[in-house]
Amino acid sequence: MTTVSLVGSTGSIGTQAVEVLEAAPERFELVALGAGSSVERLAEQARRLRPKQVALADASRAGELEELVPPGTEVLAGEGALAEISRHADVVLNAVVGFAGLPVTLAALGAGRRLALANKESLIAAAPLVQAARATPGAEIVPVDSEHCALHQCLAAAGGRDRVRRLIVTASGGPFRGRRAEELAGVGVEEALAHPTWSMGPKITVDSSTLMNKGLEVIEAHELFGVPYDAIEVLIHPQSVVHSMVELVDGATLAQLSLPDMRLPIGYALGYPERLGTPFGAIDWARLARLEFELPDRRAFPCLDLAYRAGREGGDSPAWLNAANEVAVGAFLGGQLAWSDIAGVVEATLASRGPRPLASVGDVVEADAAARARAAQLVEARARGR
Ligand code: NAD
Ligand code: MG
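This is a predicted model, so every value here is computed, not measured. (Residues numbered from 1 in each chain as written. Chains lettered and ligands numbered in written order. Predicted model: local features only at pLDDT ≥ 70, side-chain atom pairs only at ≥ 80, totals over all residues. Heavy atoms only, no water.)

## With respect to the sheet that holds strand β1 (residues 2-7)
- Taking strand neighbours across the sheet as the criterion, the 7 strands line up as β4-β3-β2-β1-β5-β6-β7 in an open arrangement whose pairing is parallel. Each edge of the open sheet carries a strand with a single partner, namely β4 (74-77) and β7 (140-143). Taken pair by pair, the neighbouring strands of this sheet meet at an average axis angle of 20°, ignoring direction.
- As paired elements, strand β6 (residues 114-117) and β7 share 4 bridges and run parallel to each other. Its bridge partner lying in β7, Arg-114 is registered against Glu-140.
- On top of the sheet, helix α1 (residues 12-23) reaches β1, β2 (28-35) and β5 (91-94); it is set at about 160° to β1, its chief contact. (Pairing = 2+ DSSP bridges. Helix = DSSP H or I, 4+ residues; strand = E, 2+ residues; numbered from the N terminus. Axes fitted to C-alpha atoms, helices over the stretch in contact; angles between N-to-C directions. Contact = heavy atoms within 4.5 Å.)

See the structure below:
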């Protein structure tokens, strides 16, 4: 039996992870669930799945949760609660959204656990610290992000890093693929949330519409696999069936294909190194009409190159990029910022300082807070100018 702690259990990845666990009850024992503030959904999961512990980041609602969980379930809440449930299971799935996932990533790796990582933001913002924590005996990251899960599989098949020429990270292109910069000025929240191939939480769905998600994934690939930025390319592939590719030195290309269904990469990361027996995402080849590829439009989607730039700068630049983006996306979803100003806010936030090294968790938290404050000012200035 593999024990599993599922953090961020009430979200899109979290609820799909529950389906994966329920499909293989003989392999997995769910020991802990954690969420931000969705008390009702978390309690409902606790009643159905009977974990030993439930954790809630929002301490003010702990009492409500206590009332709703089955007797004998330990309730943890507030700062440190999500980290606490991330230290004890064989596998910790980090499905929290945004920088808030950092304590989960650091706690799981620091305790020598296998981290099934959906929360790319923690790795990106705190890369030097996450790399150090990865060296803990027993610690390991298995990516849940579909592209990196594909790369993980292709790199294993490649059989050695000296055989790899480049990584090709695929992107659906999001709802605005094919539109020119001039056509994107007035797009609204509903349009940005209408993703053509994946159903995901709102933050990553907006990131997919700007290609910031792909930019973050380039940094994620660099950090996970140690491949230089010059050898990581992005290719638009609207069908989302080829999840990424590895080109080898002899010109051969390895790719991983499956239908766009996150339960496959979630199951891969939970079950690794074994394969699960439930074929989520299996392709019906007779119905798969075609696979198309095109280069990204870097002018219409400037977030992609902002991420490459921040990644190459290193230090605290990815933390600033991530924090500015979280603020800008939040403002867009809240109606305070135009979609086409998301990239501008991120760029101006990054331009307002010089990169600094990151040596401690305190440094990352400080960089994140400073970037958020700067980005919020820029959002406000744009709102006043409208
Ligand atoms: P979501 O918004 O659907 O769910 C987020 C989860 O995080 C919820 O359980 C919520 O309770 C929790 N949470 C939110 N704020 C929190 C806070 N401040 N403190 C603690 N917990 C908090 O998000 P999602 O789409 O499931 O994405 C989760 C992560 O997985 C993101 O990093 C995303 O980039 C990544 N990811 C998602 C998908 C997908 O298909 N949804 C695919 C690839 C990667
Ligand atoms: Mg992805």
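Let us keep going from here.
## Some details on unusual backbone geometry
- The amide bond that connects Tyr-272 to the next residue, Pro-273, takes the cis arrangement and shows omega of 5°.
- On the secondary structure map, Pro-273 appears in the loop between α12 (263-271) and α13 (303-313).
- With a phi close to 70°, Leu-211 is a non-glycine residue in the positive phi region.
- By the secondary structure assignment, Leu-211 is in the loop between α10 (202-210) and α11 (212-225).
- Here Leu-211 falls in the buried class, since its relative accessible area comes to 3%. (Buried < 20%, exposed > 50% of the residue type's maximum accessible area, 1.4 Å probe, protein only.)

## Things to note about the pattern of salt bridges
- On inspection of all chains with the given rule, the structure shows 32 salt bridges.
- A salt bridge links Glu-191 to Arg-179, with the shortest nitrogen-to-oxygen separation between them at 3.4 Å. With Glu-191 in helix α9 (residues 189-192) and Arg-179 in the loop between β8 (164-171) and α9, this pair connects stretches of sequence that are 12 residues apart.
- In this structure, the salt-bridge partner of Arg-372 is Glu-326, at a minimum N-O distance of 2.9 Å. Residue Arg-372 is found in helix α16 (residues 361-385), and its partner Glu-326 is found in helix α14 (residues 317-333); the two are separated by 46 residues along the sequence.
- Of the residues examined, Arg-372 reaches a relative accessible area of 25% and is grouped as partly exposed.
- When salt bridges with common partners are traced through the structure, they connect Lys-120, Asp-145, Glu-147, Lys-214 and Glu-217 into a single cluster. (Salt bridge = Lys/Arg side-chain N within 4 Å of Asp/Glu carboxyl O.)

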